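Here's the letter readout for the chains.
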Amino acid sequence: MRSDIHPVYRPVVFRDRAAGATFLTRSTARTSRTIEWTDGSTYPLIDVEVSSAGHPFYTGASRVVDTAGRVERFRRRYGDPATTVR
C-alpha cells in the first residue's frame, strides 16, 4: 500500500445549525474552523444544515410547509401569469 495518499482521519465536531446539537465523531472532512469541546480539547468544526437531531424523520415531528403563502407572495410580486396579456 502506498503511503501519504490517504486523507487524515481525525476527530471532528459536527454542529447542526437548525437543532443546535453538536456531535464529536471521526471524519476526513477538511475545515479551518475550530471549537473547544467539553473535554477541553480543540477540534475542527463543520456546520451542517440537517442532521438526525433535527430531521423530522428521526425526531417524529412534522413540519408544515407554507406553499400557498409562497405562491401568493410570488403572485403579488410578479403578477399572475395566467391573467397577463402578451
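Details of the structure are given in the entry above.
Since this is a predicted model, take the numbers as computed values, not measurements.

With respect to the overall build of the protein
The helix and strand tally for the protein stands at 2 helices and 4 strands. Listing every helix and strand of the protein by position from the N terminus yields β-β-β-β-α-α. Scored against the burial criterion, the 86 residues of the protein give a buried share of 14%. Partitioning the intrachain contacts of the protein with sequence separation of at least 6 by distance along the chain shows that 35% fall at a separation of at least 24. Total accessible area computed for the protein in this model is approximately 7300 Å², and 52% of it derives from carbon and sulfur atoms.

Focus: unusual backbone geometry
With a phi angle near 65 degrees, D4 is a residue other than glycine that sits in the positive phi range. Its place among the elements puts D4 in the segment before β1 (10–16).

Focus on the pattern of salt bridges
Tallying each qualifying case throughout the model produces 4 salt bridges. In this structure, D47 engages R15 in a salt bridge whose closest nitrogen and oxygen atoms are separated by 2.7 Å. A residue pair is termed long-range when its members are at least 10 positions apart, and D47 in strand β4 (residues 42–48) and R15 in strand β1 qualify at 32 residues. Residue classification places D47 among the partly exposed positions, given a relative accessible area of 26%. Judged by relative accessible area, which is 26%, R15 ranks as partly exposed. When the shortest N-O distance is used, the salt bridge between E49 and R17 registers 3.3 Å. With E49 in the loop between β4 and α1 (56–59) and R17 in the loop between β1 and β2 (22–27), this residue pair connects regions lying 32 residues apart in the sequence. Per residue, the accessibility class of E49 equals that of R17, and both read exposed. Through salt bridges with shared partners, a single network forms among R15, R33 and D47.

Examining the environment of E49
Taking the relative accessible area as the measure of exposure, E49 reaches 53% and is therefore exposed. Remark: the alpha-carbon pair of E49 and D16, spanning 33 residues in sequence, is separated by 5.8 Å. Contacts of E49, omitting those with residues within four sequence positions, involve D16, R17 and A18.

Focus on the sheet that holds β1
Read across the sheet, 4 strands follow the order β2-β1-β4-β3 without closing on themselves; strand pairing throughout is mixed. The open sheet has two edge strands with one neighbour each: β2 and β3 (34–36). Sheet twist, expressed as the mean angle between neighbouring strand axes with direction ignored, is 45 degrees. Here 6 bridges tie β1 to β2, and the two strands are oriented antiparallel to one another.

Criteria and cut-off values
Residues take numbers from 1 onward in each chain, read along the sequence in its written order. The model is predicted, so local features are restricted to residues of pLDDT at least 70 and side-chain atom pairs to those at 80 or more, both for listing and for counting; the totals for chains, interfaces and linings are taken over all residues. As a rule here, side-chain values cover all heavy atoms of the structure and leave hydrogens and water aside. Helix numbers and strand numbers start at the N terminus; a helix is a DSSP run of H or I with at least 4 residues, a strand a run of E with at least 2. Exposure is judged per residue with a 1.4 Å probe applied to protein chains only, and the accessible area is read against the type maximum: over 50% gives exposed, under 20% gives buried, and values in between give partly exposed. Residues count as neighbours in contact if any of their non-hydrogen atoms are within 4.5 Å of one another. Accessible areas in this description were obtained via Shrake-Rupley with a 1.4 Å probe; residue shielding takes into account the shown protein chains only. Think of a salt bridge as a Lys or Arg side-chain nitrogen and an Asp or Glu carboxyl oxygen that are within 4 Å of each other. For two strands to be treated as a pair, DSSP must find at least two bridges joining them. Helix axes are fitted only over the stretch in contact, all axes being lines through C-alpha atoms; the angle between N-to-C directions runs from 0 to 180 degrees.

So far we have only geometry, and geometry alone does not tell us how the molecule works.
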